[in-house]
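Architecture and fold: a report
Spelled out from the first residue to the last, the chains are:
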Amino acid sequence: MRVILAPMEGVVDHLMRELLSSINPYDLMVTEFVRVVDQLLPEKVFFRMCPELNNGGATQNGTPVRVQLLGQEPGWMAENAVRAVALGSRGVDANFGCPAKMVNRSKGGAVLLQYPEQIHNIVKAMRQAVPDAQPVTAKIRLGYEDKNLFMENALAIYEAGATELAVHARSKVDGYRPPAYWEYITEIRQRVSIPVIANGEIWNRDDALRCITQTGCDSVMVGRGAITLPNLAAHIKNGDAPYNWQQTLSLLLEYTRQQQSQPRNDYFPGRIKQWFSYLNRQYPEADVLFRDLRVHKSTDAVVDVLSKAA
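Only a predicted model underlies this, so the values are computations on that prediction, with no experimental measurement involved.

**Remarks on the overall build of the protein**
The helix and strand tally for the protein stands at 14 helices and 8 strands. Taking the principal axes of its C-alpha atoms as reference, the protein extends roughly 55 × 45 × 35 Å. Counting over 310 residues, the protein shows a buried share of 56%. Here the contacts in the protein between residues at least 6 apart in sequence split such that 70% fall between residues at least 24 apart. By element, 48% of the accessible surface of the protein is carried by carbon and sulfur atoms, the whole surface being about 13000 Å². Across the protein, the 34 positively charged side chains and the 33 negatively charged ones have centroids separated by 3 Å.

**With respect to unusual backbone geometry**
With glycine set apart, most residues show a phi of negative sign, and most peptide bonds adopt trans. Look at the link from Pro178 to Pro179: it is a cis peptide, with omega at 5 degrees. Take Pro179: it is sitting in the loop between strand 6 (164–171) and helix 7 (182–191). In the Ramachandran plot, Glu201 falls in the positive-phi region, its phi being about 60 degrees despite a non-glycine side chain.

**Regarding the sheet that holds strand 5 (residues 136–143)**
Taken in spatial order, the 8 strands of this closed barrel run 1-2-3-4-5-6-7-8, and their pairing is parallel. Between one strand axis and the next, the sheet turns by 30 degrees as a mean value, whatever way the strands run. Where strand 1 (residues 2–5) lies against strand 2 (residues 28–35), 2 bridges are found, and the strand directions are parallel. Looking at strand 2, one finds that Ile4 is bridged to Leu28.

**So, helix 12 (residues 268–279)**
Given a rise of 1.5 Å per residue, 12 residues ought to cover 16 Å, and the 16 Å separating the end C-alpha atoms of helix 12 matches this to within 8%. Of all 12 residues in helix 12, 9 are buried, a share of seventy percent or more. By the burial criterion, the buried members of helix 12 are Phe268, Pro269, Arg271, Ile272, Lys273, Trp275, Phe276, Tyr278 and Leu279. Packed against the buried residues of helix 12 are helix 1 (14–23), strand 2, helix 9 (224–228), helix 11 (245–260), helix 13 (284–293) and helix 14 (299–309).

**Details of the packing of helix 12 against helix 13**
Two elements in contact, helix 12 and helix 13, have axes whose closest approach is 9 Å; the angle formed by their N-to-C orientations is 155 degrees. Classified by the angle their axes make, helix 12 and helix 13 are roughly antiparallel. Helix 13 is crossed by helix 12, and the crossing has left-handed handedness. In this structure, helix 12 uses Ile272, Lys273, Phe276 and Leu279 to contact helix 13, whose residues at the interface are Ala286, Leu289, Phe290 and Leu293. For the contact of helix 12 with helix 13, the residue count by class is 7 nonpolar, no polar and 1 charged.

**Describing the nonpolar core**
In this structure, Leu69, Phe96, Ile272, Trp275 and Phe276 are the most contacted members of the largest nonpolar core, which totals 95 residues. Beyond its immediate stretch of four places on either side in the chain, Ile272 contacts Leu252, Tyr255, Thr256, Leu293, Val302 and Leu306. Grouped together as the second largest cluster of nonpolar side chains are 7 residues, Ala6, Leu28, Val30 and Met221 included.

**Regarding the pairing of strand 2**
Two faces, one strand: in a regular strand the side chains alternate between the faces of the sheet. Buried residues dominate strand 2, accounting for 7 of its 8 residues. Sheet topology note: the strand 2/strand 3 (residues 65–70) ladder contains 5 bridges and is parallel. The partner of Val30 across the bridge, within strand 3, is Arg66. At this point the chain moves from strand 2, through helix 2 (residues 43–49), to the parallel strand 3, and the crossover so formed is right-handed.

**Considerations on the pattern of salt bridges**
A full pass over the atoms with the stated rule returns 13 salt bridges. Across the pair Asp27 and Lys237 runs a salt bridge, and its minimum N-O distance is 2.9 Å. With Asp27 in the loop between helix 1 and strand 2 and Lys237 in helix 10 (residues 232–238), the pair connects residues that are 210 residues apart, well separated along the chain. Under the relative-accessibility criterion, Lys237 is labelled partly exposed at 29%. Between Asp304 and Lys308 there is a salt bridge whose closest N-O contact spans 3.2 Å. Highlighted residues: Asp304 and Lys308, both in helix 14, separated by 4 residues, approximately one helical turn.

**Overview of empty space enclosed by the protein**
Inspection of every chain in the model, using the stated rule, returns 2 cavities of 30 Å³ or more. The volume enclosed by the largest cavity comes to roughly 70 Å³. Around the largest cavity sit 13 residues that line it, and Asp93, Thr137, Ala166, Ile197 and Met221 are the ones nearest its centre. When residues of the lining of the largest cavity are traced back to their parent elements, those giving at least two are strand 2, strand 5 and strand 6. The residue inventory of the lining of the largest cavity, partitioned by class, reads 8 nonpolar, 1 polar and 4 charged. Every residue lining the second largest cavity is listed: Val11, Met16, Ile227, Tyr255, Arg271, Gln274 and Trp275. With 3 residues, the top contributor of residues to the lining of the second largest cavity is helix 12. Taken together, the residues of the lining of the second largest cavity sort by class into 5 nonpolar, 1 polar and 1 charged.

Conventions and cut-offs
Residues numbered from 1 in each chain as written. Predicted model: local features only at pLDDT ≥ 70, side-chain atom pairs only at ≥ 80, totals over all residues. Heavy atoms only, no water. Helix = DSSP H or I, 4+ residues; strand = E, 2+ residues; numbered from the N terminus. Buried < 20%, exposed > 50% of the residue type's maximum accessible area, 1.4 Å probe, protein only. Contact = heavy atoms within 4.5 Å. Areas by Shrake-Rupley, 256 points an atom, 1.4 Å probe, with all protein chains shown as cover. Lys, Arg positive; Asp, Glu negative; His and termini not counted. Charge placed at Lys NZ, Arg CZ, Asp CG, Glu CD. Pairing = 2+ DSSP bridges. Axes fitted to C-alpha atoms, helices over the stretch in contact; angles between N-to-C directions. Expected span 1.5 Å × (residues − 1). Parallel < 35°, antiparallel > 145°, perpendicular 65-115°, else oblique. Left-handed = near helix turned anticlockwise from the far one by under 90°. Nonpolar A, V, L, I, M, F, W, Y, C, P; charged D, E, K, R; others polar. Core = buried A, V, L, I, M, F, W, Y, C linked by side-chain atoms within 4.5 Å. Right-handed = clockwise from strand over helix to strand, strands pointing away. Salt bridge = Lys/Arg side-chain N within 4 Å of Asp/Glu carboxyl O. 1 Å grid on protein atoms, 1.4 Å probe; cavity = no way out; pocket = protein on both sides within 12 Å on 5 of 7 lines; lining within 4 Å. Points joined across faces, edges and corners; volume = space filled by probe spheres on them.

This is the structure:
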């Protein structure tokens, strides 16, 4: 079984990837998306979104990292895909699942699920441009306003030559509300001969095993679950016991130290509060601590609260 960390815009940056890869046997991590519009982006953009490129496209413990691109113009997506792998990305991924309104208004992400031919053209251009040895992958939802085109989109990506396909088993309209409709992934896997990665509502080992049994996939992609239970991949792959609250609190402090070492850490209070919103699902203690944390806006104040709790 492969366990892959999903790209989560505004949630999993390179520091979070480094932290999670240090305690989990992830097979692959995918970056937050790099927005492609109408130009070949400068190298500094890729290094900013994926500092792991300075380490051969891997975290410090060797977990491979793949750059994800989001855009709607095949030519520019292809040129930026070539640049990403030339800089060291372990393949390149195309985002057809982002539900953010701002992204969709500019014809990126999930809105493209209404246009299978356009998706095909984007993936085909990327595949033809990127060296054969480098994977070209894609991530989709089941649809935009409904699920009527789920198979057309999957086949468009497969026929365009993609190496593998990750499927978040919800439509854009479904958002992140349960359930995840794994049965659609089962149908896709039966129609395409490339690996299909199942994504959606995988919070623990039992969820992962049920998903694999139902879909027939041998790979799962975890998103919010990876933040809710920090050692989720180790729990799924190795059967490790879920982290207790004290272990998780120690991890929060380590993340804090890493953030403080960055040139700019002014967004840290927002990030840590966001993390707590996920931790509440797994740990009752997180809700209690968050009541103290949420009123503070400065990094120093947040650090002080976490340190006292530890």
